[in-house]
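Working through the structure, step by step
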Protein chains: 2
Amino acid sequence: MMRTRPLKVALLGCGVVGSEVARIMTTHADDLAARIGAPVELAGVAVRRPSKVREGIPAELITTDATALVKRGDIDVVVEVIGGIEPARTLITTAFEHGASVVSANKALLAEDGATLYAAAEEHGRDLYFEAAVAGAIPLIRPLRESLAGDKINRVMGIVNGTTNFILDAMDTSGAGYSEALDEATALGYAEADPTADVEGFDAAAKAAILAGIAFHTRVRLDDVYREGMTEVTSADFASAKRMGCTIKLLAICERAADGESVTARVHPAMIPLSHPLASVREAYNAVFVEAEAAGQLMFYGPGAGGSPTASAVLGDLVAVCRNKLNEATGPGESAYTQLPVSPMGDVVTRYHISLDVADKPGVLAQVATVFAEHGVSIDTVRQQGKDGEASLVVVTHRAPDAALSGTVEALRKLDTVRGVASIMRVEGE
Amino acid sequence: MMRTRPLKVALLGCGVVGSEVARIMTTHADDLAARIGAPVELAGVAVRRPSKVREGIPAELITTDATALVKRGDIDVVVEVIGGIEPARTLITTAFEHGASVVSANKALLAEDGATLYAAAEEHGRDLYFEAAVAGAIPLIRPLRESLAGDKINRVMGIVNGTTNFILDAMDTSGAGYSEALDEATALGYAEADPTADVEGFDAAAKAAILAGIAFHTRVRLDDVYREGMTEVTSADFASAKRMGCTIKLLAICERAADGESVTARVHPAMIPLSHPLASVREAYNAVFVEAEAAGQLMFYGPGAGGSPTASAVLGDLVAVCRNKLNEATGPGESAYTQLPVSPMGDVVTRYHISLDVADKPGVLAQVATVFAEHGVSIDTVRQQGKDGEASLVVVTHRAPDAALSGTVEALRKLDTVRGVASIMRVEGE
């Protein structure tokens, strides 16, 4: 029962992802038509530089006027792969107003102002799909929104930034320092010329906001996500991690509080045991661990970025949105009914691994232990090493609120016998 | 915009999975209602033994007349968790005829006669969802059917039977033999009193048929799946595997032929490198590796069985089917448009690891090598060990058609100098 009038697709952006989407739409047109039940046709491509040669895309489809394209009125689906907040937001809401559904890969916009997009989609009875916004080709948004819709998700923890995983993996494997590993990642094309968004955790934080919102059926914005980058991770930290049977990963962690009344979302480097499935995620791969009440522990693994993997996710959404259009139906919209508040980082319960440089004299350990006790933080292990009047003390705590842990560190810094706090890292995944 | 008339659900079967579905429908009724947009109500539960006490299920919902239940006409969704071919098939098709959509966990029926179910669903404009039929709670059917709908899947390879993975993991870890490991699995409840369906690979073969059909958009039935159980795997095989840097897993492998014109599906024990992500899947966990043209390599991991995980998958489907019902739409139906034929095992291209007991005299290796050459099978490595006039020869081949490999083995058996073929195992995952 193939419909012959094609569904019309407008593509906003024709960079690495957009050009791959266009290519697959052409080369796999028959498969897409069979799976959708109607052919899909590229009806226009909005770009910034119209003079650039774009293989396989007829010149007459190219336009610099994205607004006119989304306003045409005959567009069934707008695929937005330009990124950033504006003009993407206005283009998407305009697309909904003019009857199109939207497939987006725009994590920054979804994390910043997803609610506006969802509201516009709902007002006009259209779909907003965005599998490609988190973890590239790895099916994650759909499993969370649909497969686990009958379950209660308590935790989402993952490696959602390939650049930083590549750098940390290189540091772990070769013993290289951060700068050296970053240089390697840049040379191999894994890091951008300005790596700030990746290494400072902004990219992962946007993804954490999106994942937390979907997992807990509440609104979580980028500003709600605690964020620490990984630029200060040293080879000494990796050595400490190894001594504990751990490695270091930049993790995005979304959790439901033990009492179920709030949620948290955070991004920071953390030590995780080598036995944890996330520990063996190498190079630029992504992986996300999901814990749900009935399902138990699930993991999703794959390439987290790149033109082809991201295009795969976009096209999967395109097929779904086109099917919905033919069905005159819509897929799941925003689900924020729980309205659970997002708690600050201080409320997160976690463990610390703390390296202190201390004076090598009797009584130091007792002083340090007293500070932990005063803040209600229980010590798991202490390791002491001393030479030439200087000593180092490595303390690993039991689980405690992050506020109590950071209060402890602040108080330790004030001790005369503590010369410095060499490093602090959270320990996760146990 | 909550609808107040509840959607009515009939549950067929109230064993480990069914009772957990009923329990979650009750305890999480508010969440389910919010996610669906209407309350869902358990309208009837068909069981074999009505006298059994079923906590939390009102006695008036219990019936032994499953046929009358699915014929009631007011049922929106039938959840089938009784398993087996009949009466499940007739109950499902009757449910469609009477206006209900169906959520099923019935891998045997779907593998045996999925086409009949799909056809009945389509004829009556209803949904057939079955995430729970393969790999328990792991979202796999939906990612294959929907997330990867814009991609071309070339390979699905996975551990889809928890019982056999538990046994093989125990053999690998403890050096135990098959019988001993099976006893442990039985004692711990991982293996049934009659473990045939698991250890002979029937369960995994049914799942392979389902996965292959969906991945390649063609019809694959249980009979199309080559099947070898794992009862003959020995601790000597594990020792050989270790020497090669491998372990042994019972794998379900669905592949598109290199020329794209046919597909294969098979279940057998295989050696895989320890560095392969599937090698580290322990105990009764399942994991499935998917290779797609654009997405690259993806892996899905989690508990493959058990009441709660399976119920999670059933309820995810229930939410989707209920949403579709409210939308007066249906989700994806059968997609078998490629009509790719299923090739026999002989056409599969793979590698063999062969252990031979041979006479310890000059010229044996030359004789053996000649047999490989005559069958067009190229040898990767040979390892020879000899003592007291007896010797063993371990040959690992390069990739060759399975027919050529088994022809080689047959010819080797006829050599006077070959006393016996101690073991043959395929090598995968490279």
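What you are looking at is a predicted structure, and each value in this text was computed from that prediction instead of being measured. (Residues numbered from 1 in each chain as written. Chains lettered and ligands numbered in written order. Predicted model: local features only at pLDDT ≥ 70, side-chain atom pairs only at ≥ 80, totals over all residues. Heavy atoms only, no water.)

Comments concerning the overall build of chain A
Of regular secondary structure, chain A possesses 14 helices and 17 strands. A compact globule built from 430 residues should have a C-alpha radius of gyration of about 22 Å, and chain A, at 24 Å, falls within 12% of that. Here chain A, with 430 residues, has 58% of them falling under the buried criterion. Long-range contacts, defined as pairs at least 24 residues apart, comprise 73% of the intrachain contacts of chain A with a sequence gap of at least 6. (Helix = DSSP H or I, 4+ residues; strand = E, 2+ residues; numbered from the N terminus. Rg over C-alpha atoms; globule rule 2.2 N^0.38 Å. Buried < 20%, exposed > 50% of the residue type's maximum accessible area, 1.4 Å probe, protein only. Contact = heavy atoms within 4.5 Å.)

Here we look at the interface of chain B and chain A
Contact residues are listed per partner, giving 46 residues for chain B and 46 residues for chain A. Both sides together, the interface formed by chain B and chain A hides about 3,900 Å², and carbon and sulfur atoms give 53% of it. Where chain B touches chain A, the interface holds 2 salt bridges. Our count for the contact surface shared by chain B and chain A stands at 20 residue pairs in polar contact (both at pLDDT 80 or more). Looking at the side of chain B that touches chain A, the elements with two or more residues in it are helix 2 (29-36), helix 6 (141-147), strand 12 (296-303) and helix 12 (307-327) of chain B. Per-element accounting of the side of chain B that touches chain A gives the leading share, 8 residues, to helix 12 of chain B. Of the residues belonging to the side of chain B that touches chain A, the class tally is 24 nonpolar, 11 polar and 11 charged. Examined bridge by bridge, strand 12 (residues 296-303) of chain A and strand 12 of chain B share 3 bridges and lie antiparallel to one another. Bridging from a neighbouring strand, Tyr301(A) pairs with Met299(B) of strand 12 of chain B. (Buried area = accessible area lost by both parts, 1.4 Å probe. Salt bridge = Lys/Arg side-chain N within 4 Å of Asp/Glu carboxyl O. Polar contact = N/O pair within 3.5 Å; in protein donor to acceptor, adjacent residues only side chain to side chain. Nonpolar A, V, L, I, M, F, W, Y, C, P; charged D, E, K, R; others polar. Pairing = 2+ DSSP bridges.)

What about the sheet that holds strand 2 (residues 40-46) of chain B?
Residues and elements named next belong to chain B. Here we have 6 strands laid out as an open sheet, ordered 3-2-1-4-5-6, and parallel in their pairing. Strands at the two margins of the open sheet, each flanked by one partner only, are strand 3 (62-63) and strand 6 (128-129). Looking at chain direction, strand 5 (residues 101-104) and strand 6 are connected through 2 bridges and run parallel. From the neighbouring strand, Val102 faces strand 6, where its bridge partner is Leu128.

Overview of the packing of aromatic side chains
Residue and element names in this part refer to chain A. Applying the stated criterion across every chain yields a total of 7 aromatic pairs over all chains. Summarising the aromatic geometry, the rings of Tyr118 and Phe130 are spaced 6.1 Å apart at their centres and angled 75° between planes, so their arrangement reads as edge-to-face. Of this pair, Tyr118 sits in helix 5 (residues 107-123) while Phe130 sits in the loop between strand 6 (128-129) and helix 6 (141-147), placing them 12 residues apart in sequence. Judged by its relative accessible area of 2%, Phe130 falls in the buried class. (Phe/Tyr/Trp six-rings, centres within 6.5 Å; stacked < 30°, edge-to-face > 60°.)

Considering the relation of the copies chain B and chain A
Rotating chain B by 180° about the axis while translating it 0.0 Å along that axis superimposes it on chain A, leaving an RMSD of 0.0 Å. Here the two chains are linked by the operation of a two-fold rotation axis. Every residue of chain B has its C-alpha some distance from the rotation axis, and the shortest such distance is that of Phe300(B), at 2.4 Å. Mapped onto chain A, 100% of the interface residues of chain B again fall at the interface, so both copies present the same surface. (Least-squares fit on C-alpha atoms with pLDDT ≥ 70 in both.)

With respect to the pairing of strand 10 (residues 263-273) of chain A
All names here are of chain A. Judged by how many residues are buried, strand 10 sits mostly within the fold: 11 of 11 residues are covered. Burial along strand 10 is two-sided: the face carrying Val263, Ala265, Val267, Pro269, Met271 and Pro273 and the face carrying Thr264, Arg266, His268, Ala270 and Ile272 are both buried. Bridging between strand 8 (residues 226-227) and strand 10 involves 2 bridges; their strand directions are parallel. Along strand 10, the bridge assignment pairs Tyr226 with Arg266. As paired strands, strand 9 (residues 246-256) and strand 10 are joined by 11 bridges and run antiparallel to one another. For Glu255, the partnering residue across the bridge sits in strand 10 and is Thr264. In textbook terms, the turn of a hairpin is the stretch between consecutive antiparallel strands, and for strand 9 and strand 10 this stretch comprises 6 residues, one of which, Gly260, has a positive phi near 75°. Note: strand 10 against strand 17 (residues 418-427), 2 bridges, orientation parallel. Within the sheet, the bridge partner assigned to Met271 lies in strand 17 and is Val427.

Describing the pattern of salt bridges
For the structure on display, the rule yields 45 salt bridges over all chains. Residue Glu428(A) pairs with Arg266(A) through a salt bridge whose shortest N-O separation is 2.8 Å. You can see Glu428(A) sitting in the segment after strand 17 and its partner Arg266(A) sitting in strand 10, a full 162 residues away along the chain. Looking at Glu428(A), the relative accessible area reads 3%, which means it is buried. Here Arg426(B) ties to Asp402(B) by a salt bridge, and the two come within 2.8 Å at their closest N and O atoms. You can see Arg426(B) sitting in strand 17 (residues 418-427) and its partner Asp402(B) sitting in helix 14 (residues 402-413), a full 24 residues away along the chain. Overall, the relative accessible area of 5% leaves Asp402(B) in the buried class.

A closer look at the packing of helix 1 (residues 16-27) of chain B against helix 12 of chain B
Residues and elements named next belong to chain B. Axis separation between helix 1 and helix 12 bottoms out at 8 Å; the angle between their running directions is 60°. Judged on the interaxial angle alone, helix 12 and helix 1 are oblique. The element helix 1 and its partner helix 12 pack so that their crossing is right-handed. Contacts between helix 1 and helix 12 involve Val16, Val17, Glu20, Val21, Ile24 and Met25 from the former and Gly307, Ser308, Thr310, Ala311, Val314, Leu315 and Leu318 from the latter. Classifying every residue of the contact of helix 1 with helix 12 gives 9 nonpolar, 3 polar and 1 charged. (Axes fitted to C-alpha atoms, helices over the stretch in contact; angles between N-to-C directions. Parallel < 35°, antiparallel > 145°, perpendicular 65-115°, else oblique. Left-handed = near helix turned anticlockwise from the far one by under 90°.)

Brief notes about the environment of Val418(B)
Among the structural elements, Val418(B) can be located in strand 17. It is 4.4 Å that separates the C-alpha atoms of Val418(B) and Val358(B), two residues lying 60 residues apart in sequence.

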